[in-house]
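What the coordinates show
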Amino acid sequence: MILIENVAVATVDPAGTEHGDGHVVIGDDGRIIAVGSGHAGRYHGSLRRIDGTGCLVTPGLINTHHHLYQWATRGLALNETLFGWLTTLYPIWGRLDAEIVGASAAAGLGWLALSGCTTSTDHHYVFPRDGGDVLAAEIEAAQRIGLRFHPTRGSMDLGQKDGGLPPDNIVEDTDEALAATEAAIDRWHDPSPAAMLQIAVAPCSPFSVTSKLMSEAAVLARRKGVRLHTHLAETDDEEDFCRERFGCTPVEYAERLGWLGEDVWLAHGVHLDDAAIAELGRTGTGVAHCPSSNARLGAGSARVRELLDHAVPVGLGVDGAASQEASHLGGELRQALYTARLRGGPHAMDAREALRLGTMGGARCLGRQRDIGSLEVGKLADLVMWRLDGLGHEGIDDKVAALVLGPAAPVELALVGGRPVVERGELSRADAESLTREARRAHRRLIKDRR
Ligand SMILES: [Zn+2]
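Since this is a predicted model, take the numbers as computed values, not measurements.

Topic: the coordination of the zinc ion
For a metal with four tetrahedral donors the ideal donor-metal-donor angle is 109.5 degrees, while six octahedral donors give ideal angles of 90 or 180 degrees. Those protein atoms acting as donors to the zinc ion are His 65 (NE2), His 67 (NE2), His 231 (NE2) and Asp 319 (OD), and they sit at 2.1 to 2.5 Å. Coordination geometry of the zinc ion: the four donor atoms subtend angles of 88 to 177° at the metal centre, consistent with an arrangement described as irregular. When the donor residues of the zinc ion are listed from N- to C-terminus, their spacing reads H-x1-H-x163-H-x87-D. Taken as a pair, His 65 in the loop between strand S6 (61-63) and helix H1 (82-93) and His 231 in strand S10 (residues 228-232) lie far apart in primary sequence, 166 residues in all. Residue class for His 65 comes out buried when judged on its relative accessible area of 0%.

Below, the structure is given as structure tokens:
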């Protein structure tokens, strides 16, 4: 059992309950058995007691969109649009292998944990023929760091010769991609409530995937009872592509292919008209909002206020590290608030709503809202204790405002199902130096040694 006391608590429960001086108690099964004001009651048995003075406990942050392999290709194509950036990087990604993906994923997930993330998804869609088992490599990396992991089996089957954007040598055959996706679900997906590993089905984007793969992927996911994820409405170029090739907007295209529903979450959703937002709300389709990546690529800013007003589930995502070198999920809380306010003024989003996006909003996107995303009795103890009494935060009395508006807060403790993944600002199960060394080697093998 773990008992955290003398700590500010933001539960992000439906009522938004907060405790200025409270406690959280975690049972041996890794679930929360008490959360409230003042001191905890008496507990017997072996107990780890943690003094949270100067800290704020929140639910662990949930990252709803990422491409972990991109850690090895950061700092390239620095001033490009999405399409220019992709066409620069595709040939490099064509040389990925399991060692590079494993090292990149371990570095990316370690960094995410240090930024307050306890659950991450990953959208992996590049499977070079001689690259080995890249999906297994990133799953091993997540087990090494200790994060709850929702990797997707992505895919691309629309190469340049058929009018797509990626080069032909990095796309797969449609039926092979579907078969490999089904095999990944059978091998890895754990449907249980406390699952550490769940697989989703994730063809990459309208301009890299055929309509056949999109629609058959939706059928496959529903037959298997897993979720669907893809990029949608990220840029004007994508909208032009959809209008020219399909004669409709990206959301109309998704609707036509069976790709709207409560089991779908879409990355970005930047370029959405009123009808599209209403349709996402009506169908309960989620959106992974990636404000820093959208800014890095100059893609635009999502209409998050309108999405929330239409009851669309909205989570936060750092997106791949090659389009967002910071990849700091705690920092996305502030970026989401800033982006909303730049669009809609000071009332467009407050700090608590930003925290809700990063926690419960993400849990809803991943279909895990019954078990993670808020601090409530019976839920899994995925939580972060942020240190807010140092130079950067002391004096901001509203602790949630300090977390969201202040500088990136140090993570004093991060638990996943009650098990520590970060303690006193350091990874509990891996060491950052080894991760850095392995990531450096992966980057060199992929880029430098080829020049
Ligand atoms: Zn992406």
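Some points on the pattern of salt bridges
Pairing between side chains becomes possible if they bear opposite charge and their charged atoms approach one another. According to the stated counting rule, one finds 30 salt bridges in the structure shown. For Lys 161, the salt bridge is made with Asp 162, and the minimal N-O distance between the two is 3.3 Å. Measuring nitrogen to oxygen at the nearest pair gives 3.4 Å for the salt bridge that ties Lys 224 to Glu 182. Placement of Lys 224 in helix H5 (residues 211-224) and of Glu 182 in helix H4 (residues 174-188) is noted, with a sequence separation of 42 residues between them. Judged by its relative accessible area of 26%, Lys 224 is partly exposed. When salt bridges that share partners are traced, they join Asp 97, Glu 99, Arg 441 and Arg 445 into one network.

Points about the packing of aromatic side chains
Scanning the model with the defined rule gives eight aromatic pairs in all. A ring pair is formed by Tyr 69 and Tyr 125, whose centres lie 5.9 Å apart and whose planes are at 85°; its orientation type is edge-to-face. In this pair, Tyr 69 is assigned in the loop between S6 and H1 and Tyr 125 in the loop between strand S7 (117-124) and helix H3 (134-145), connecting sequence segments 56 residues apart. Judged by its relative accessible area of 0%, Tyr 69 falls in the buried class. With a relative accessible area of 3%, Tyr 125 lands in the buried category. Taken together, the ring pairs connect Tyr 69, Trp 85, Tyr 90, Trp 93 and Tyr 125 into an aromatic cluster. Sitting above the plane of the Phe 127 ring, Arg 153 keeps its charged end 3.5 Å from the centroid.

Cut-off values and rules
Residues numbered from 1 in each chain as written. Predicted model: local features only at pLDDT ≥ 70, side-chain atom pairs only at ≥ 80, totals over all residues. Heavy atoms only, no water. Donors = N, O, S within 2.8 Å, 3.2 Å for Na, K, Ca; no water. Tetrahedral: all angles 85-135°; square planar, octahedral: opposite > 155°, others 65-115°. Helix = DSSP H or I, 4+ residues; strand = E, 2+ residues; numbered from the N terminus. Buried < 20%, exposed > 50% of the residue type's maximum accessible area, 1.4 Å probe, protein only. Salt bridge = Lys/Arg side-chain N within 4 Å of Asp/Glu carboxyl O. Phe/Tyr/Trp six-rings, centres within 6.5 Å; stacked < 30°, edge-to-face > 60°. Lys NZ or Arg CZ within 6 Å of the ring centre and 35° of its normal.

Scope: geometric values only; no functional claims are made or implied.
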